[in-house]
Amino acid sequence: MKREKPRRIICIICICQLLIMAMAAGCGKKKVDYSLNEPTNTGGSVNKSDDADLKRTLNVPDSCNETIIEVSDEAVIDYSMINCENIEVPDVSSMDIVHYDKYNVTPEVKKSFAEALFEKDKGIYKYDYDNPTKADLQKEIDRIEALLNQNKIASVDDQGRIEELNQRLDEFNRAYDKAPEKYPEADNYEDTTYIGTANDEEYMFSMGESDSYIWLDFYNRDILKLRPNDEAEACSLGTDHLIDDPEPRENTSEMNAEEACSIAGDFLEQIGFDDVICTQIADLDWLYTKYDGRSVATETEGYSVKFARSIGGASANDDEYLSLQTLNKAGYYSGLPAESFEVNVYKEKVISMHLCLWCGTRLDVEKNVKLLTFDEIIEKAKMHFPEYYEKYPTEYDVDVFSKAKLTYMLMSDGKNRYKYVPVWAFSESYEFRDYDGSISYYTFQLILMDATTGEIIDYVEERNKF
């Protein structure tokens, strides 16, 4: 009788890989950012002329302190106002509406990415989750033996945990004898994950679809080997400096932030993404630990570079707004659809990348659409905000929108079609200090207005269309 393969082998092996894949996107934590005077465009046309300025054309002030809903007995909320010190407007002369079809993941698409990311002459292999190689199993055997030894040294009195580790160790040792020496060569590219060589190191590439969006990951399989620490047994990447660090860590990279942005942009362009724009650069932290999670050291070298889709030289919104009260009440905890491109650069090389994609081929463009002035938007807000609160009552008596920006939002454009449209986004956030000293910002209220009509965009209904 054929013995069922122990699924725990697969899960344990994936844990380390997922740590390596971790990028700096989560929950809006405060980062050590390098200010960009304006987003850096990597390609595509730019809506910019010497004699036109969108902020001036739309009569947008530098700041805003405007009451939208007055206190009254009839009001659906006690008080609502826009009070922001800096109104964000893209540095372009006009805005468009751009239509796309859905990004489709096919075997041909995965093959083209694999051959662009890996050194083809050194082989491209299909990662088999059910049949890990001897080398991968040995790494897990070494890890568990070290964990057992650490528990013994620390006098950990957790017999259940020790028994579980011993059981896993036995499973790995039994699987080792029958394990293959190497993974099978990639053939039809119908699988999700592949292994190959890049920069003389072993990398992993995976691509698939989840909840309609497309994810693409590319990362070095052993970043501890890439940047060793003699006392560490594991390593992951991050960008969240601790606010309470007694001494800020110095980024020891020999390249500067702008060079990292250029390297990351060139890399994305080489694999087919030439319509993205750099929006954020942060220090890259190397988080060294023991196998049991105990911290060994955190060192900083390299940069994490974030890009958004470029629409006529303006960056599209890439904030998923994961904490929105209105969406959470509707049962959506994954936020609003947004495309993102995150690339980690170390020693002038890309060592990991995470992309979230929705849009495929650009179909057509409505150029230079007519936008309402800011005064007209405010008047429309006074007219339509009460309608929004009637449909989506807030738990708060007062809403003060501290952020206002004119941006592009991703919206549905029919079945398997999407579009980027100009919108005004008014948002309200609160600051949260985490247990580790880092600061997170959570946007809990958001109202979107169509920048061409001033109508409220019902993003709950929009989310239903994706």
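Residues numbered from 1 in each chain as written. Predicted model: local features only at pLDDT ≥ 70, side-chain atom pairs only at ≥ 80, totals over all residues. Heavy atoms only, no water.

Colleague: How do you make sense of the overall build of the protein when you look at a structure like this?
Modeller: The helix and strand tally for the protein stands at ten helices and 21 strands. Residues classed as buried in the protein amount to 50% of the 466 residues present. Long-range pairs, those at least 24 residues apart, make up 74% of the contacts in the protein with a sequence separation of at least 6. (Helix = DSSP H or I, 4+ residues; strand = E, 2+ residues; numbered from the N terminus. Buried < 20%, exposed > 50% of the residue type's maximum accessible area, 1.4 Å probe, protein only. Contact = heavy atoms within 4.5 Å.)

Colleague: Quick question: what am I supposed to make of the nonpolar core here?
Modeller: A general feature of soluble globular proteins is that nonpolar side chains tend to end up buried together. Ranked by internal contacts, the top residues of the largest apolar core, which has 58 residues, are Phe385, Trp424, Phe426 and Tyr459. Counting residues per element, the ones that place at least two in this core are strand S2 (64–69), strand S3 (79–84), strand S5 (97–102), helix H9 (374–391), strand S18 (403–412), strand S19 (417–433), strand S20 (439–450) and helix H10 (459–464). Look past the residues within four positions of Phe426 in its chain and what remains in contact with it is Ile82, Ile377, Phe385, Phe401, Lys403, Ala404, Gln445, Leu446, Ile447 and Met449. Grouped together as the second largest cluster of nonpolar side chains are 51 residues, Ala264, Trp286, Ala297 and Val305 included. (Core = buried A, V, L, I, M, F, W, Y, C linked by side-chain atoms within 4.5 Å.)

Colleague: Teacher, can you tell me more about the pairing of strand S10 (residues 234–238) here?
Modeller: Among the five residues of S10, five are classified as buried, and the element is accordingly described as predominantly covered. By the alternation rule, side chains of S10 split into Ala234, Ser236 and Gly238 and Cys235 and Leu237, which are all buried. Note: S10 against strand S11 (residues 276–289), five bridges, orientation antiparallel. In the sheet register, Cys235 faces S11, and the bridge partner there is Tyr288. (Pairing = 2+ DSSP bridges.)

Colleague: Mind showing me how you'd approach the pairing of strand S15 (residues 349–357) here?
Modeller: As a general feature of sheets, a regular strand has side chains that alternate between the two faces. Burial runs high along S15: seven of the nine residues are buried. Inspection of the sheet shows strand S14 (residues 340–346) paired to S15 by seven bridges, in the antiparallel sense. Residue pairing in the sheet places Val343 in a bridge with Met353 of S15. In sequence, S14 turns back onto S15 through a hairpin of two residues, with Lys347 there showing a positive phi of about 50 degrees.

Colleague: Would you explain the environment of Lys120 in this entry?
Modeller: Counting through the fold element by element, Lys120 comes out in the loop between helix H3 (107–117) and strand S6 (124–126). A polar side-chain atom of Lys120 sits 3.5 Å from a polar atom in the side chain of Glu115. (Polar contact = N/O pair within 3.5 Å; in protein donor to acceptor, adjacent residues only side chain to side chain.)

Colleague: Could you clarify how one ought to interpret helix H5 (residues 159–178) in this entry?
Modeller: One turn of the α-helix equals 3.6 residues, which is why residues spaced by three or four share an orientation. Compared with the 28 Å implied by 1.5 Å per residue over 20 residues, the 30 Å span of H5 between its first and last C-alpha is a close match. Of all the positions in H5, only Ile162, Leu165, Arg168, Leu169, Glu171 and Phe172 are classed as buried. (Expected span 1.5 Å × (residues − 1).)

Colleague: Can you help me understand a negative patch on the surface in this one?
Modeller: A surface patch of negative charge is lined by Glu254, Glu258, Glu259 and Glu348. The class of Glu348 is exposed, set by a relative accessible area of 57%. (Patch = residues over 30% accessible without salt bridge, like charges linked within 9 Å, V, L, I, M, F, W, Y side chains within 5 Å. Areas by Shrake-Rupley, 256 points an atom, 1.4 Å probe, with all protein chains shown as cover. Salt bridge = Lys/Arg side-chain N within 4 Å of Asp/Glu carboxyl O. Lys, Arg positive; Asp, Glu negative; His and termini not counted. Charge placed at Lys NZ, Arg CZ, Asp CG, Glu CD.)

Colleague: Sorry if this is basic, but what is going on with the packing of aromatic side chains here?
Modeller: The description of an aromatic ring pair rests on the distance of the ring centres and on the angle between the ring planes. Following the criterion strictly, the structure yields 22 aromatic pairs and no others. Between Tyr127 and Tyr183, the aromatic rings sit 4.9 Å apart at their centres with planes inclined by 50 degrees, giving tilted as the arrangement. Highlighted residues: Tyr127 in the loop between S6 and helix H4 (134–153) and Tyr183 in the loop between H5 and strand S7 (193–198), separated in sequence by 56 residues. On the numbers, 5.6 Å between centres and 65 degrees between planes, the contact of Phe273 with Phe341 is edge-to-face. Separated by 68 residues along the polypeptide, Phe273 in the loop between helix H7 (257–270) and S11 and Phe341 in strand S14 bring together distant segments of the chain. Each member of the pair, Phe273 as well as Phe341, is classed as buried. Through successive ring pairs, a cluster of aromatic residues spans Phe113, Tyr189, Tyr194, Phe205, Phe273 and Phe341. Stacked on the ring of Tyr176, the Lys or Arg Lys134 has its end atom at 5.5 Å from the ring centre. (Phe/Tyr/Trp six-rings, centres within 6.5 Å; stacked < 30°, edge-to-face > 60°. Lys NZ or Arg CZ within 6 Å of the ring centre and 35° of its normal.)

Colleague: What am I meant to see in the confidence of the model for the protein here?
Modeller: When pLDDT is averaged along the protein, the result is 84, and 81% of the positions lie at 70 or above. Contacts for the low-pLDDT stretch residues 1–31, under 50 throughout, to residues beyond four places or in other chains number 72 contacts. (pLDDT = per-residue confidence, 0-100.)

Colleague: Would you mind going over unusual backbone geometry with me for this structure?
Modeller: Leaving glycine out, the prevailing phi sign among residues is negative, and the prevailing peptide bond configuration is trans. Phi at Asn199 is positive, roughly 55 degrees, even though this residue is not glycine. Relative to the elements of secondary structure, Asn199 occurs in the loop between S7 and strand S8 (201–210). Positive phi, close to 55 degrees, is recorded for Asn416, a residue that is not glycine. Along the polypeptide, Asn416 turns up in the loop between S18 and S19. You can call Asn416 partly exposed: its relative accessible area is 43%.

Colleague: What is the right way to look at the pattern of salt bridges in this model?
Modeller: Two side chains of opposite charge can pair, provided their charged atoms sit close to one another. Scanning the entire structure with this criterion turns up 26 salt bridges. Ionic pairing is found between Glu202 and Arg221, a salt bridge with its closest N-O pair at 3.1 Å. Pair noted here: Glu202 is in strand S8 and Arg221 is in the loop between strand S9 (213–220) and helix H6 (223–226), with a separation of 19 residues, a long-range link. According to the relative accessible area criterion, Arg221 is buried, its value standing at 11%. For Arg227, the salt bridge is made with Glu301, and the minimal N-O distance between the two is 2.8 Å. Taken together, the residues Arg227 in the loop between H6 and S10 and Glu301 in strand S12 (residues 295–311) connect sequence positions 74 residues apart. A relative accessible area of 10% places Arg227 in the buried class. Accessibility expressed as a relative area gives 11% for Glu301, which makes it buried.

Colleague: Sorry, what's going on with H7 here?
Modeller: With 14 residues, H7 should cover 20 Å at 1.5 Å per step; its first-to-last C-alpha distance of 20 Å lies within 8% of that length. Backbone nitrogen of Glu258 and a side-chain oxygen of the N-cap are separated by 3.2 Å at the start of H7; the cap is Asn256. Trailing H7 by a residue or two, Gly272 shows a phi angle of about 110 degrees, which is positive.

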